[in-house]
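Read off the chains here:
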Amino acid sequence: SQARGPIQWIEMCTVGYCWDVMAQDSWRALFRHLSHVLSLEQPMIEEEAELFAMLLQAAQEGEDDVAAVASEELKGQGAGCGSCKGSVAAAETFALLCHLPLGQSKEAQAAGWESEVRSSCLTAVLRLLLASGAALATATSANAELAKMVIERRLSTPAFWQAVGEACQFAAECRVETADVTAAALTAMNQWEEAGSDAIGALYALLLTRS
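Residues numbered from 1 in each chain as written. Predicted model: local features only at pLDDT ≥ 70, side-chain atom pairs only at ≥ 80, totals over all residues. Heavy atoms only, no water.

Explain the overall build of the protein to me, using residue names and the numbers behind them.
Within the protein, the secondary structure is distributed over 10 helices and zero strands. Order of helices (α) and strands (β) in the protein, N terminus to C terminus: α-α-α-α-α-α-α-α-α-α. Expected size for 211 residues packed as a compact globule is a radius of gyration near 17 Å; at 18 Å, the protein falls within 12% of this value. Oriented by its inertia axes, the alpha-carbon framework of the protein measures out at about 60 × 35 × 25 Å. Considering the protein as a whole, with its 211 residues, one finds that 46% of them fall into the buried category. Within the protein, counting contacts between residues at least 6 apart in sequence, those at least 24 apart form 83% of the total. As displayed, the protein has an accessible area near 10,700 Å², and 54% of this comes from carbon and sulfur atoms. When the 13 basic and 27 acidic side-chain charges of the protein are each reduced to a single mean position, those positions are 7 Å apart. (Helix = DSSP H or I, 4+ residues; strand = E, 2+ residues; numbered from the N terminus. Rg over C-alpha atoms; globule rule 2.2 N^0.38 Å. Buried < 20%, exposed > 50% of the residue type's maximum accessible area, 1.4 Å probe, protein only. Contact = heavy atoms within 4.5 Å. Areas by Shrake-Rupley, 256 points an atom, 1.4 Å probe, with all protein chains shown as cover. Lys, Arg positive; Asp, Glu negative; His and termini not counted. Charge placed at Lys NZ, Arg CZ, Asp CG, Glu CD.)

So what about the packing of aromatic side chains? Which residues, and what values?
For the structure shown, the criterion picks out four aromatic pairs. Both rings, one in F160 and one in W161, keep their centres 5.3 Å apart while their planes meet at 85°; by these two values the pair is edge-to-face. When its relative accessible area of 12% is taken as the criterion, W161 is described as buried. By the ring-pair criterion, three or more aromatic residues cluster together here, those being W27, F31, F94 and W113. (Phe/Tyr/Trp six-rings, centres within 6.5 Å; stacked < 30°, edge-to-face > 60°.)

Before we move on, could you go through the pattern of salt bridges and cite the residues and values that matter?
Going through the model one piece at a time under the given rule, you end up with five salt bridges. Note that E46 is salt-bridged to R127, the shortest N-O span being 3.1 Å. Of this pair, E46 sits in helix α2 (residues 24-60) while R127 sits in helix α6 (residues 113-142), placing them 81 residues apart in sequence. (Salt bridge = Lys/Arg side-chain N within 4 Å of Asp/Glu carboxyl O.)

Pulling in residues and values, what's your account of the packing of α2 against helix α3 (residues 66-77)?
Between α2 and α3, the shortest axis-to-axis distance is 10 Å and the interhelical angle comes to 165°. Between α2 and α3, the angle falls in the class roughly antiparallel. Remark: the crossing between α2 and α3 carries right-handed chirality. On α3, the residues that touch M44, E47, E48, L51, F52, L55, A58 and A59 of α2 are V66, V69, A70, E73, L74 and Q77. Among the residues forming the contact of α2 with α3, the class breakdown is 10 nonpolar, one polar and three charged. (Axes fitted to C-alpha atoms, helices over the stretch in contact; angles between N-to-C directions. Parallel < 35°, antiparallel > 145°, perpendicular 65-115°, else oblique. Left-handed = near helix turned anticlockwise from the far one by under 90°. Nonpolar A, V, L, I, M, F, W, Y, C, P; charged D, E, K, R; others polar.)

As structure tokens, this is what we get:
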């Protein structure tokens, strides 16, 4: 099961029921926590994406043992993105915040929700999604065994990735408010040569997977 810190769960419940009466200092503390946790997840998934890009190149060069190499490398990376304590609750809390009418909360606005926090956290989750898609795209291009490894890692942390998806859905639903953030994330993905896939390829891989 995925790790969920009890303090983070209390935090999320507090937001869900008391967002309209929370003080500015409480919002600032929450925003700092969310930004910190989500920023820790990004390097893990990007490292994984670059690993599968290298394995694809090795497979194209005729190496036969790429699956064994992948297995060993992934063991060294640990359980993967979304498995750290508190990461699930942080992602779910951010997804919840995206769908709350925080424009009505002067305290949340004063703490930087629309001016800074929403954009920085949304950038992080969009990059998580794109990096995950890149890993799947390159793994699928290499062989079915590598693709299965990527899918199994995502299925081992389903709640985290569901929350990431819900937050990204907010970006799709609120295109005007999030246009700059989305464009920046797509541009960064297209400029990330080590990923072995552009943004379109990453998104198509996610769209076409059956799991």
